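# A closer look at the structure
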Protein chains: 2
Amino acid sequence: MPITANNPKRMSWLDVPQDSDFPIQNIPFGVFITKEDVIAIGTRIGDYAIDLGALQQLNYFKGIELTDDMFMQDTLNDFISDGKKTWRLVRNRIATIFDSNNSELRDNKEHRAIVICKMEDVEMQLPVQIGDYTDFYSSKEHATNVGMLFRDPEHALLPNWLHIPVGYHGRSSTIVPSGIPIHRPMGQTLPNGEESPVFGPSRSIDFELEMAFITTDANVMGENIPVYEAEDYIFGMVLLNDWSARDIQKWEYIPLGPFLSKNFATSISPWIVTMDALEPFRTKGPKQDPNPLPYLQQKGRHAFDINLEVAIEPENGEPTVVSNSNYKYMYWSMSQQLAHHTSNGCRVNSGDMMGSGTISGPTPNSFGSMLELTWAGKKPITLNDGTERKFINDGDTVIIKGFCKTNGVRLGFGEVSSKLLPPFVRK
Amino acid sequence: MPITANNPKRMSWLDVPQDSDFPIQNIPFGVFITKEDVIAIGTRIGDYAIDLGALQQLNYFKGIELTDDMFMQDTLNDFISDGKKTWRLVRNRIATIFDSNNSELRDNKEHRAIVICKMEDVEMQLPVQIGDYTDFYSSKEHATNVGMLFRDPEHALLPNWLHIPVGYHGRSSTIVPSGIPIHRPMGQTLPNGEESPVFGPSRSIDFELEMAFITTDANVMGENIPVYEAEDYIFGMVLLNDWSARDIQKWEYIPLGPFLSKNFATSISPWIVTMDALEPFRTKGPKQDPNPLPYLQQKGRHAFDINLEVAIEPENGEPTVVSNSNYKYMYWSMSQQLAHHTSNGCRVNSGDMMGSGTISGPTPNSFGSMLELTWAGKKPITLNDGTERKFINDGDTVIIKGFCKTNGVRLGFGEVSSKLLPPFVRK
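Residues numbered from 1 in each chain as written. Chains lettered and ligands numbered in written order. Predicted model: local features only at pLDDT ≥ 70, side-chain atom pairs only at ≥ 80, totals over all residues. Heavy atoms only, no water.

### A look at the overall build of chain A
From N to C terminus, chain A includes ten helices and 26 strands. Relative to the 2.2 N^0.38 estimate, which gives 22 Å for 427 residues, the radius of gyration of chain A is 22 Å and therefore close to what a compact globule would have. Projected onto its principal axes, the C-alpha coordinates of chain A cover approximately 70 × 55 × 40 Å. Taking all 427 residues of chain A together, the buried fraction comes to 62%. Sequence separation of 24 or more characterises 72% of the internal contacts of chain A that already satisfy a separation of 6 or more. On chain A, roughly 16,700 Å² of surface is accessible, and the fraction owed to carbon and sulfur atoms is 48%. Chain A carries 39 positive and 53 negative side-chain charges, and their two centres are separated by 4 Å. (Helix = DSSP H or I, 4+ residues; strand = E, 2+ residues; numbered from the N terminus. Rg over C-alpha atoms; globule rule 2.2 N^0.38 Å. Buried < 20%, exposed > 50% of the residue type's maximum accessible area, 1.4 Å probe, protein only. Contact = heavy atoms within 4.5 Å. Areas by Shrake-Rupley, 256 points an atom, 1.4 Å probe, with all protein chains shown as cover. Lys, Arg positive; Asp, Glu negative; His and termini not counted. Charge placed at Lys NZ, Arg CZ, Asp CG, Glu CD.)

### Quick notes on unusual backbone geometry
All names here are of chain B. In this chain, I254 is followed by P255 through a cis amide linkage whose omega measures 10 degrees. Checked against the element boundaries, P255 lands in the loop between α7 (246-252) and β16 (266-268). One non-glycine residue, N407, lies in the positive phi region at around 45 degrees. Positionally, N407 belongs in the loop between β25 (397-406) and β26 (409-421). We classify N407 as exposed; its relative accessible area is 75%.

### With respect to helix α3 (residues 84-97) of chain A
The end-to-end C-alpha distance of α3 of chain A, which contains 14 residues, comes to 20 Å, matching closely the 20 Å that a straight helix rising 1.5 Å per residue would cover. Along α3 of chain A, the residues that are buried comprise T86, W87, R88, V90, R91, N92, I94, A95 and I97 of chain A. (Expected span 1.5 Å × (residues − 1).)

### Some thoughts on the domain arrangement of chain A
Interface size is often expressed as the accessible area that is lost when the parts come together. All names here are of chain A. If you check the domain split of chain A, you get domain 1 (4-124) and domain 2 (133-421). On the side of domain 2, 28 residues touch domain 1, which itself brings 28 residues to the contact. Joining domain 1 to domain 2, the criterion identifies four salt bridges. A salt bridge links K84 to D232; its shortest N-O distance comes to 3.4 Å. (Domains from an automatic or database assignment. Salt bridge = Lys/Arg side-chain N within 4 Å of Asp/Glu carboxyl O.)

### Some thoughts on the UniProt feature "binding site: substrate" (unreviewed entry) in chain A
All names here are of chain A. UniProt records the feature "binding site: substrate" (unreviewed entry) at Y137, R151, Q249, Y253 and T358, using the numbering of this structure. The class for R151 is partly exposed, based on a relative accessible area of 28%. Here Q249 shows up in helix α7 (residues 246-252). Residue contacts for Q249: discarding those within four places in its chain leaves S244, P258, S261 and K262. (UniProt positions renumbered as here; feature names shortened; annotations may be inferred.)

### Looking at the sheet that holds strand β2 (residues 39-45) of chain A
Residue and element names in this part refer to chain A. The five strands lie next to each other as β4-β3-β2-β1-β5, forming an open sheet whose pairing is antiparallel. Edge positions in the open sheet fall to β4 (116-118) and β5 (123-124), since each of these has one partner strand only. Across four bridges, the pairing between strand β1 (residues 30-33) and β2 is antiparallel. When the bridges of β2 are listed, G30 appears paired with G42. (Pairing = 2+ DSSP bridges.)

### Description of a negative patch on the surface
Residue and element names in this part refer to chain A. Where like charges cluster on the molecular surface, the negative patch consists of E65, D68, D69, D78 and D82. The residue D68 is located in the loop between α1 (52-57) and α2 (77-81) in this model. D68 gets classed as exposed once you look at its relative accessible area, which sits at 71%. (Patch = residues over 30% accessible without salt bridge, like charges linked within 9 Å, V, L, I, M, F, W, Y side chains within 5 Å.)

### Some details on the pattern of salt bridges
Under the counting rule described, the total for this entry stands at 44 salt bridges over all chains. In this structure, D47 of chain A and R44 of chain A form a salt bridge, with 3.2 Å as the shortest nitrogen-oxygen distance. Taking the relative accessible area as the measure of exposure, R44 of chain A reaches 14% and is therefore buried. Measuring nitrogen to oxygen at the nearest pair gives 3.0 Å for the salt bridge that ties D107 of chain B to R106 of chain B. By relative accessible area, which is 28% here, R106 of chain B ends up partly exposed. Residues participating in the shared-partner salt-bridge network are D206, E208, D242, R246 and K262 of chain A.

### Structural notes on the environment of P294 of chain A
Residues and elements named next belong to chain A. With respect to the helices, strands and loops of the structure, P294 is situated in the loop between β18 (282-283) and β19 (303-304). Residue classification places P294 among the exposed positions, given a relative accessible area of 60%. Sequence separation of P294 and V227 is 67 residues, and the distance between their C-alpha atoms is 9.4 Å.

### Observations regarding the interface of chain A and chain B
Opposite the 64 residues of chain A that make contact, chain B presents 64 residues. Our count for the contact surface shared by chain A and chain B stands at eight salt bridges. Its salt-bridge partner being R426 of chain B, residue E223 of chain A comes within 3.2 Å of it at the nearest N-O pair. Applying the counting criterion to the chain A and chain B interface returns 33 residue pairs in polar contact (both at pLDDT 80 or more). (Polar contact = N/O pair within 3.5 Å; in protein donor to acceptor, adjacent residues only side chain to side chain.)

### Some remarks on the relation of the copies chain A and chain B
Mapping chain A onto chain B calls for a screw motion: a turn of 180 degrees about the axis and a shift of 0.0 Å along it, with 0.0 Å RMSD after fitting. On this basis, the relationship between the two copies can be described by a two-fold rotation axis. Taking C-alpha positions as the reference, the residue of chain A nearest the rotation axis is G257 of chain A, at 2.2 Å. Looking at chain A, 100% of its interface residues are interface residues in chain B too, so the copies touch through the same face. (Least-squares fit on C-alpha atoms with pLDDT ≥ 70 in both.)

### Description of the pairing of strand β13 (residues 209-215) of chain B
Residues and elements named next belong to chain B. Judged by how many residues are buried, β13 sits mostly within the fold: seven of seven residues are covered. Both faces of β13 are covered, namely the face carrying L209, M211, F213 and T215 and the face carrying E210, A212 and I214. Pairing analysis gives seven bridges linking β13 to strand β14 (residues 234-241), with the strands arranged antiparallel. Its bridge partner lying in β14, L209 is registered against N241. Judged from the three bridges that link them, β13 and strand β22 (residues 353-355) form a sheet pairing that is antiparallel. Opposite I214, over in β22, you have M353 as the bridge partner.

### Focus on the sheet that holds strand β3 (residues 48-51) of chain B
Residue and element names in this part refer to chain B. Strands sit in the order β4-β3-β2-β1-β5 across an open sheet of five strands; the sheet is antiparallel. For this open sheet the edge positions go to β4 (116-118) and β5 (123-124), each flanked by a neighbour on one side alone. Two elements, strand β1 (residues 30-33) and β5, share two bridges in a ladder whose sense is antiparallel. Paired with I33 across the bridge in β5 is E123.

Here's what the structure looks like:
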């Protein structure tokens, strides 16, 4: 079935500002609360949020097999469960409904009032209930930088790294959408040169520039997903900030991996951009050498050209861009990550989320964390207001943006923006 | 409010076989499917499963504030959300209803037929929807054994171990109740002496003898749970088998911890034994030296005297007990684990599960994994049928049991029993 929603020539009768991340070629999926305090599953065109439940009730999805309450829910999990064919049918139909040549909804004032909200009037929610969250570690540049900083500069990459898309389990309960502020965590750390640990506010809060993909039900327990089928089980992507407390991480992570240094907060952008929408931005990934084992081998183009940017905005100040990276630098593809994750029969459900790991590029200005950008504090970053940062200060907002552009079409992810507050005070 | 359900002298009008894990002093909570294919929340006395939804509809919980559908659900999450006071009221009431001196239900044949099922007629389910699963590593004997086997025998315990209840995130999607067979996972491993990894069935499948506790909603994001309050947020405990593939683990776990070596399956016993029921079995834990940091310090008795046993039953054979351990050996208490887990503000929800880590005792016959029992294969175990085991064979069933006994009362957890099948074959 063709992805007619991707037609680069299509215009919408809804106004789309120039360089908007949400032209009619995007049609992402999300969940929001309206000003009437009703929760809605929707999409976005320009600066408008569109209520898909209302569209369905008004019969605009006629002919597409959908349960009556498909879009009358708090999350997208059931819609994602319906599979790729349904996602494509619905997205193609939405493109048709909002096509500038289609008068059906355009000229129905009553329906428009029910279906369309201004973005400024809605509050974005988490788009899915995330059953399990996995975070990979798939940027070679990031893994090399971390290895040089913390372990042996001569053997920065660990022996398994070029053979395995290394990953670990994260915490679902503290994943929050863009806009929710987070608190500087308390934690146990071993100060440099000390023999005994101390407990107090973390002194080195970092961001990690990541993206994540959301899966559908992929398998029964025991069954693997072959690498060549894996993309069929990926619904779409979001931007992700994997908040990290470096001092807590350093003391806790051997031998079982990061735990409290990561699980205090993970922020994601609220609109899931579908893999269908990203199709035109497919590109070739880095050459893999050595050749991976057969269960991870794939042909063709499985990377995506997504421009990424991180900015820090101090309290009452202007944002300073501190990193420009690209998702195409990832060494391991999403298909390889999902094939590896299920190679042991691990069950993957609708709404599960898998993070890329920090996306660092080859140049110092493309590194995806303060740890790397400041080279562990040795080269502080100067913001536009003249202040310096080794890590993130209380009151700073970290803003990650991402967009794709090719053949005259530009679409993007919006942003994940979250402010760091001082430690929580219990009432 | 007194825990009247714990009255050691109470007898039930339901028959309870001698040495049953489920006398009227237990009253655990679970979820089962009846022979009419209806899902029910229930408790167990002797060899009877009791439908709490039916009891509520028949007005046996009169006077206890409960939503009408509290027990008409697929999981215990909402009941657990209601908090400790409700758990205690309901459990005390159940004890009263089944007290041998109470004729109300005993003499109502019609009600009895609706409320009581034979255990052989029901199929146990997962008792809760587990949002997040954490596994700790809190047995000093186990951590020391692993350190001696894999790292430096002279410095077996890592520097952070005596200061932190070390833990990591596990996978919720592959947690299954007792009785569900699991498949030997495929995976990537580096054979001894080789330079390149291979992919194939794991050659070293192990069990890990663990227990786990289930929490209620404990905090908002950012907020910590002080160690002295932590027990109020723990609903109860189950037995847990943390299936492990040692060869996969060895190759993948540095630097982010175990991943595919663990997430193919985790088996739990289906009845949650409440902390109220375990109250009489409270005991003193091991002395902690050095003294933990203040946020982990606690007074009083926070360990529990729970006898644990692991048996291996070969295909068509009889079980051989291979380990006898006790939960009281745990160095870090559940309260310390929960206080540490939330010390950074990590949100804990109703139905979250936290595993103890392998529970090894001080003597070789009390070790909680094949890795330790056979000392990494150097001392194979001989089963009663004369066959030897270094790890678990296809066709073997691993059975973990646990019970407490004091002052004439004995109660237990039943068992978690699961069979290892050969690798999954995709249809």
